[in-house]
Amino acid sequence: MRYPELAARIGHVHDVLGAVPSSFDCWVPLWRIPTLPLLMECHHANALAIAEWLGSHPKVSRVYHPELASHPQHALAERQQSGHGGILSFELWDWRDAARSIIQGTDLFALDEGLGRVESVISDLLGMSHASQVGSAMWPTPGSVRLSVGIEHHEDLSADLDWALAA
């Protein structure tokens, strides 16, 4: 290979950001734009309800969602955003293998690195999206789980998480 360092850098960007989308993949968001405000409202409301519920769960040590007053950059988010979206993460008190068992124990959350889908997604930050960030400021603490909350009913999603947390 003539440029192995460049190939490695391009390979890393591809792993982190994904492949170049097809024409169809570019058309689908345009097709869904008319419903985007409704989807975002539901996405945000469900995530906030789950973040608040997780914040009171005895097995959860910390919840990260910009609308929660406990979030380190809550004031900045309030100034800059009109909505806070549907992405949140949380940490567990007993993190030894607990995050992986919760991720594998849910039925309604799809295991994926993707965000912002209509369906809810659960991610293992250490083993998936942040695996290449070892030692950096982006490296999450052990026991970190990320959720991209979809438009399913938040009580169903909370019950699914509760079942997984109890297991």
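About the criteria used
In every chain, residue numbers begin from 1 and rise along the written sequence. A pLDDT threshold of at least 70 governs which residues receive local features in this predicted model, and a stricter bar of 80 or more applies before side-chain atom pairs are shown or counted, although totals over entire chains, interfaces and linings include all residues. Side-chain metrics in this entry use all non-hydrogen atoms of the structure; hydrogen atoms and water are not considered. For the purposes of this entry, the term helix denotes a DSSP run of H or I that reaches at least four residues, the term strand denotes a run of E that reaches at least two, and both are numbered from the N terminus. The cut-offs for exposure are 20% and 50% of the maximum accessible area for each residue type, with area from a 1.4 Å probe on protein chains only; residues under the lower value are buried, those over the upper are exposed, and the others partly exposed. Using the Shrake-Rupley algorithm and a 1.4 Å probe, accessible areas are obtained, with residue cover drawn only from the displayed protein chains. Strand pairing requires that DSSP identify at least two bridges connecting the strands. Multiplying one less than the number of residues by 1.5 Å gives the expected span of a helix. Comment: axis = line fitted to C-alpha atoms, over the contacting stretch for helices; angle = value between 0 and 180 degrees taken between N-to-C directions. Helix crossings fall into two classes, left-handed where the near helix is turned counterclockwise from the far one by less than a right angle and right-handed where it is turned clockwise. When checking whether two residues touch, look at their non-hydrogen atoms; a contact exists if any pair is within 4.5 Å. Under the scheme applied here, ten amino acids are nonpolar (Ala, Val, Leu, Ile, Met, Phe, Trp, Tyr, Cys and Pro), four are charged (Asp, Glu, Lys and Arg), and all others, including Gly, are polar. Two rings from Phe, Tyr or Trp (for Trp, the six-membered ring) form a pair when their centres sit within 6.5 Å of each other. Planes less than 30 degrees apart are called stacked, planes more than 60 degrees apart edge-to-face, and all others tilted.

1. Quick notes on the overall build of the chain
Here's step 1: For the chain, the count of helices and strands is 6 helices and 5 strands.
Here's step 2: Expressed as a percentage of its 167 residues, the buried residues of the chain come to 32%.
Here's step 3: A total of about 10,600 Å² of accessible surface is found on the chain, and carbon and sulfur atoms cover 59% of it.

2. Details of the sheet that holds strand β4 (residues 121–124)
Sheets are built from strands paired through backbone hydrogen bonds, the pairs being either parallel or antiparallel.
Here's step 1: Taken in spatial order, the 5 strands line up as β1-β2-β5-β4-β3 in an open sheet, and their pairing is mixed. The open sheet terminates on both sides in strands that have one partner only, identified here as β1 (60–64) and β3 (110–111).
Here's step 2: Sheet topology places β1 next to strand β2 (residues 87–92); 4 bridges connect them, and they run antiparallel. Its bridge partner lying in β2, Val60 is registered against Leu92.

3. Quick word on helix α1 (residues 4–17)
Here's step 1: The end-to-end C-alpha separation of α1 is 20 Å, in line with the 20 Å expected for 14 residues at 1.5 Å each.
Here's step 2: Directly beyond the C-terminal end of α1, a positive phi value near 95° is found at Gly18.

4. Let's talk about the packing of helix α3 (residues 36–55) against helix α6 (residues 154–166)
Describing two packed helices takes the angle between their axes plus the distance from one axis to the other.
Here's step 1: Orientation of α3 relative to α6, taken along the N-to-C sense of each, is 35°, at an axis distance of 9 Å. Considering how the two elements wind past one another, α3 and α6 form a crossing that is right-handed. Contacts between α3 and α6 pair Asn46, Ala49, Ile50, Trp53 and Leu54 from the former with His154, Leu157, Ser158, Leu161, Asp162 and Leu165 from the latter.
Here's step 2: Of the residues assigned to the contact of α3 with α6, the class counts are 7 nonpolar, 3 polar and 1 charged.

5. Some details on the packing of aromatic side chains
Here's step 1: According to the stated counting rule, one finds 2 aromatic pairs in the structure shown.
Here's step 2: Between the aromatic rings of Phe24 and Trp27, the centroid separation amounts to 5.7 Å while the plane-to-plane angle is 35°, which identifies the pairing as tilted. With Phe24 and Trp27 both in helix α2 (residues 23–32), this residue pair falls 3 residues apart, about one helical turn.
Here's step 3: For Phe24, a relative accessible area of 54% puts it in the exposed group.
Here's step 4: Residue classification places Trp27 among the partly exposed positions, given a relative accessible area of 44%.
Here's step 5: Summarising the aromatic geometry, the rings of Trp27 and Trp31 are spaced 5.8 Å apart at their centres and angled 15° between planes, so their arrangement reads as stacked. Of this pair, Trp27 and Trp31 both sit in helix α2, separated by 4 residues, roughly a single helical turn.
Here's step 6: A connected cluster of aromatic rings, assembled from ring pairs, spans Phe24, Trp27 and Trp31.

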